[in-house]
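Geometric and topological summary
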Amino acid sequence: MTDEPAGFSLELSDDLRQVRQWVHEFARDVIRPAAEEWDEREETPWPIIEQASKIGLYSLDFFAEQWLEPNGLGIPVAFEELFWGDAGIALSIVGTGLAAASVAATGLPEQVAEWVPQMFGTADDIRLGSFCASEPDAGSDIGAIRTRAVYDEAADEWVINGTKTWATNGGIADVHVVVASVHPELGTRGQAGFIIPPRTPGLSQGQKFKKHGIRASHTAEVVLEDVRIPGRLLVGGKEKFDERIARVREGKRGRGQAALKTFETTRPTVGAMALGVARAAYDYALQYAREREQFGKKIGDFQAIAFKLADMKTQIDAARLLVWRAAWMARQGKDFDSAEGSMAKLHASETAVRVTEEAIQILGGNGYTRDYPVERMHRDSKIFTIFEGTSEIQRLVIGRTVTGLPVR
């Protein structure tokens, strides 16, 4: 026996609690009052992004500091608060992070140093980044990507052609990170990420999508027509990529596939986003149940309502624990041996859909109108079961991991 204290704790550090409070106040005072307006306008909320940049919330320094938080909880805690404010506006603020993460995860140090800062800019010169993986015929099936990158050895340039879809900040971003196939016969193992600098000829915005939810976030096609970029802008470097391809051709395991590597890194983060939406809907429904009266008493006094709230709260707290576990594991460099990242994303996203639906039910007819925010929250919640890996794909990943079988 020993008297040494246990190392396990779910208490956030003082610094992280301060960050959480700071971000929550911005979400409460700036994001939430503007949520309905920008949802209706379906436009990028530049004034909100500018305010976030001025206080340092939209900045490389903030993202890097939270990403490097020792327990891995900096980003999940901050994102939960932002998305508690509003999912569409929050995604406009954090959307650049996916492009930055794709370079930070597999890029060379010099690529990270040169290009990630250009994705954020400064308070006086705000910039955006966009990660472009999906295509019209390649959503969940990343191996079906048709965008091609061909190396022009004489010019030491990559020539890229194709169309990307569902790209957050697509076409309006300053820096795009595009996943393209270099060796189509190798499927996902023959793909790589490419950094497209600002104002590169041949890159243009295609269709901008009118969406069910997260309407304040810009989502569009990105068209690439004979886009030429320097050879050094293959994420991770051409030398490492060629070495990986050689291993694959020898029948060895290839590591670092561009799109999947990014999604593995960000799944707990997406779970935190969904968690924020779920908590926002729960908070609103709880307050409503405490104030609304029917049959001479508060509706929260009826088991039918109280039990809904009990289930909602339980699901939210369980989702947070899954998200925090996966984020902690990622920060400690531990492998997701049981697909913990997919578990977190799956449970949190489906919790958001269930909780927001129950919030509408608690509000009754009021909840179905745009006069109350739970209607918008419900629309926003659905995307989390779709993007960055559908719920079906998450179950496939988990099933393959736990059984060790090639589940199809």
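Just so you know, the residues in each chain are numbered from 1, in the order the chain's sequence is written. Totals for whole chains, interfaces and linings use all residues, but because this is a predicted model, local features are given only for residues with pLDDT of at least 70 and pairs of side-chain atoms are given and counted only at 80 or more. Side-chain metrics rest on all non-hydrogen atoms present in the structure, leaving aside hydrogens and water.

**A few points about the pairing of strand β7 (residues 191–196)**
Exposed residues in this analysis have more than 50% of their type's maximum accessible area, buried residues have under 20%, and partly exposed residues fall in between, with area computed by a 1.4 Å probe over protein chains only. We count a stretch as a helix when DSSP gives it H or I for four or more residues in a row; a strand needs E for two or more, and each element gets its number in order from the N terminus. Where burial is concerned, most of β7 is hidden: six out of the six residues are buried. Burial along β7 is two-sided: the face carrying Gln 191, Gly 193 and Ile 195 and the face carrying Ala 192, Phe 194 and Ile 196 are both buried. Strands are treated as partners if at least two bridges between them are detected by DSSP. Inspection of the sheet shows strand β6 (residues 175–181) paired to β7 by six bridges, in the antiparallel sense. Looking at β7, one finds that Ala 180 is bridged to Ala 192.

**Quick notes on the packing of helix α1 (residues 14–41) against helix α12 (residues 374–381)**
Two elements in contact, α1 and α12, have axes whose closest approach is 11 Å; the angle formed by their N-to-C orientations is 70°. One element, α1, and the other, α12, form an angle in the roughly perpendicular class. Judged by the twist between their axes, the crossing of α1 over α12 is left-handed. Here Arg 32, Ala 35, Glu 36 and Asp 39 of α1 come into contact with α12, specifically with Arg 376, Met 377 and Arg 379. Under the convention adopted here, Pro, Cys and the residues Ala, Val, Leu, Ile, Met, Phe, Trp and Tyr are nonpolar, Asp, Glu, Lys and Arg are charged, and Gly plus all remaining residues are polar. Partitioning the contact of α1 with α12 into residue classes produces two nonpolar, no polar and five charged. Angles here are taken between N-to-C directions and fall from 0 to 180 degrees, while the axes themselves are lines fitted to C-alpha atoms, restricted in helices to the stretch in contact. When describing relative orientation, an angle under 35 degrees is termed roughly parallel and one over 145 degrees roughly antiparallel, while 65 to 115 degrees is termed roughly perpendicular and anything else oblique. Should the near helix be turned anticlockwise from the far one by less than a right angle, the crossing is termed left-handed; should it be turned clockwise, right-handed. Whether two residues touch is decided by their heavy atoms; if any such pair falls within 4.5 Å, the residues are in contact.

**What to know about the pattern of salt bridges**
We count a salt bridge whenever a side-chain nitrogen from Lys or Arg sits within 4 Å of a carboxyl oxygen from Asp or Glu. Going through the model one piece at a time under the given rule, you end up with 30 salt bridges. Between Arg 146 and Asp 137 there is a salt bridge; the shortest N-O distance is 3.4 Å. For Arg 146, a relative accessible area of 60% puts it in the exposed group. Owing to a relative accessible area of 53%, Asp 137 belongs among the exposed residues under this scheme. Asp 301 serves as the salt-bridge partner of Lys 297, at 3.9 Å between the closest nitrogen and oxygen. What makes Asp 301 exposed here is its relative accessible area of 52%. A network of salt bridges, in which partner residues are shared, links Glu 80, Glu 81, Arg 279, Asp 283, Lys 313, Asp 317 and Arg 320.

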